[in-house]
Amino acid sequence: MSPTKLSGGHTSSVLCVDVQPQNGRIASGGEAGELCIWSHDGQVIGKISRPDTECTSVLFSRENPNLIYAAFGEEILILDQQRFQEPLYVLHSNTDEINQITLDSKEQFLAACDDSGEIKVFGLQDRKVFKTLRLKHTNICSTAVFRPGRPWEVVTGGLDCRLVHWDFSKPKCLNQFNMQELHATPGDASYMINPPFIHHMSVSPTGSTLACALENGQIPIFSGSQKNLQPKFALLGHMQGVSQVHFLTEEMLLSAGNDSCINQWNLTKAELYQPAEVYMNGNGDSAHPEDDSNLAISELCKVRSFSHSSKVNWMVPYRANGEQLLYLADQTSDITILDLS
């Protein structure tokens, strides 16, 4: 089935997209400061523009189908679709451009990570800053995700190659990982010289697994079944940086990258890995044992791949009427809908 395109809303690259789970409406933000709302059948039903900035992140409320959260520069607008032109509220505490906003499962808190490396956690009842998380990221903080079932915990990642696990009630750092130490570029991947910047993260519905999208093409997988996150393995399947990861289910993961490729993975297949299958060099020793095991696990886990026509900026899965759809924002002014069913 050929992809469906949503056109006519944006005049430049679309940076982010979300789908309202109850009614199938779509929200998308773009480089020209444009925020568009689309009906489930692809008609633009609302649009605002703030031309001096970009709309870098957008989320539908899961509690109130009419509410939308959208990041423009250093501000977060809370908008009502019924009265779309003027925001209900503006949250402004970040000191640099916001890269991603994310909501906790009960929609009591919103976290906004920015270019300064700080993360502002807002309480949504009083719409004020609850805590500021700082001094752990030494560069841009690009992504954040709350841990399901652990109401005071959030995980952040950035262009300092650090993954930081926080208790934001204190606030304090519970643990951190340096991807340059954990997931250096594979020894045989001479084409991949990029550092392991963390562009995006996703957590499975129960919180038992966390996945990261790295600039060096790897997808580190962490176990979240215990209090502390534990590194498990890394998936290798992209020829360029990975820009997005999203869980479809507890086991199924989607990844997309700058190679215009979308991969689907079944993480339960990693259990089939047998160390004896690792390729050995002539001396009977593996030259790069971790790379070899990750490659073997990746081959087991990979379900299928899709080629896209452009680098993927954002993606969001949506299930409706028995169909598994994937909405893609890329470097064009269109939104692409893939049917993964």
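Because the structure is a prediction, the values reported are computed rather than measured. (Residues numbered from 1 in each chain as written. Predicted model: local features only at pLDDT ≥ 70, side-chain atom pairs only at ≥ 80, totals over all residues. Heavy atoms only, no water.)

J.: Help me understand the layout of surface pockets, please; the structure alone is not making it clear to me.
T.: In this approach, a probe sized like a water molecule rolls over the atoms, and the result shows the empty space that is left. By volume, the largest pocket is sized at about 1,200 Å³. What lines the largest pocket is a set of 40 residues, and nearest its centre among them are Leu59, Arg62, Thr102, Leu103 and Val203. Secondary structure elements with two or more residues in the lining of the largest pocket: strand 2 (14-19), strand 6 (55-60), strand 10 (98-103), strand 14 (141-146), strand 18 (198-203), strand 22 (242-247) and strand 26 (312-320). Per-element accounting of the lining of the largest pocket gives the leading share, five residues, to strand 26. Grouping the amino acids of the lining of the largest pocket by side-chain chemistry returns 21 nonpolar, 11 polar and eight charged. Of the pockets and cavities examined, the second largest pocket occupies roughly 560 Å³. Counting only elements with at least two residues in the lining of the second largest pocket, the list comes to strand 10, strand 18, strand 22 and strand 26. (1 Å grid on protein atoms, 1.4 Å probe; cavity = no way out; pocket = protein on both sides within 12 Å on 5 of 7 lines; lining within 4 Å. Points joined across faces, edges and corners; volume = space filled by probe spheres on them. Helix = DSSP H or I, 4+ residues; strand = E, 2+ residues; numbered from the N terminus. Nonpolar A, V, L, I, M, F, W, Y, C, P; charged D, E, K, R; others polar.)

J.: Whenever I open this one, the sheet that holds strand 2 confuses me. Can you help?
T.: Where strands meet in a sheet, backbone hydrogen bonds hold them as pairs that are either parallel or antiparallel. Read from one edge to the other, the open sheet built from four strands follows the order 2-3-4-5, with strand pairing classed as antiparallel. Bordering the open sheet on either side are strand 2 and strand 5 (44-49), each of which pairs with just one other strand. Within the sheet, the average angular offset between the axes of one strand and its neighbour, ignoring direction, is 15°. (Pairing = 2+ DSSP bridges. Axes fitted to C-alpha atoms, helices over the stretch in contact; angles between N-to-C directions.)

J.: Got a minute to help me understand the UniProt feature "repeat: WD" (unreviewed entry) in the protein in this structure?
T.: The feature "repeat: WD" (unreviewed entry), as annotated in UniProt, sits at residues 7-39 and 235-275 in this numbering. Note that residues 7-39 is 0% helix and 48% strand, and that its end C-alpha atoms are spaced 12 Å apart. This span, residues 235-275, is 0% helix and 49% strand, and a straight line between its end C-alpha atoms measures 16 Å. (UniProt positions renumbered as here; feature names shortened; annotations may be inferred.)

J.: What should I look at first to understand the side chain of Glu215 in this one?
T.: Structurally, the position occupied by Glu215 is in the loop between strand 19 (209-214) and strand 20 (218-223). No salt bridge is formed by the buried Glu215, whose closest oppositely charged neighbour, Lys311, lies at an N-O distance of 7.9 Å. (Buried < 20%, exposed > 50% of the residue type's maximum accessible area, 1.4 Å probe, protein only. Lys, Arg positive; Asp, Glu negative; His and termini not counted. Salt bridge = Lys/Arg side-chain N within 4 Å of Asp/Glu carboxyl O.)

J.: What's the story with the environment of Gln176 in this structure? I'm lost.
T.: In this structure, Gln176 sits in strand 17 (residues 172-178). On the basis of relative accessibility, which here comes to 30%, the residue Gln176 falls in the partly exposed class. Distance in space between the C-alpha atoms of Gln176 and His165 is 5.8 Å, their sequence separation being 11 residues. For Gln176, the contacting residues outside a window of four places in its chain are Lys136, Arg162, Leu163 and Val164. Engagement of the side chain of Gln176 in a polar contact is seen with the side chain of Arg162, the distance being 3.4 Å. (Contact = heavy atoms within 4.5 Å. Polar contact = N/O pair within 3.5 Å; in protein donor to acceptor, adjacent residues only side chain to side chain.)

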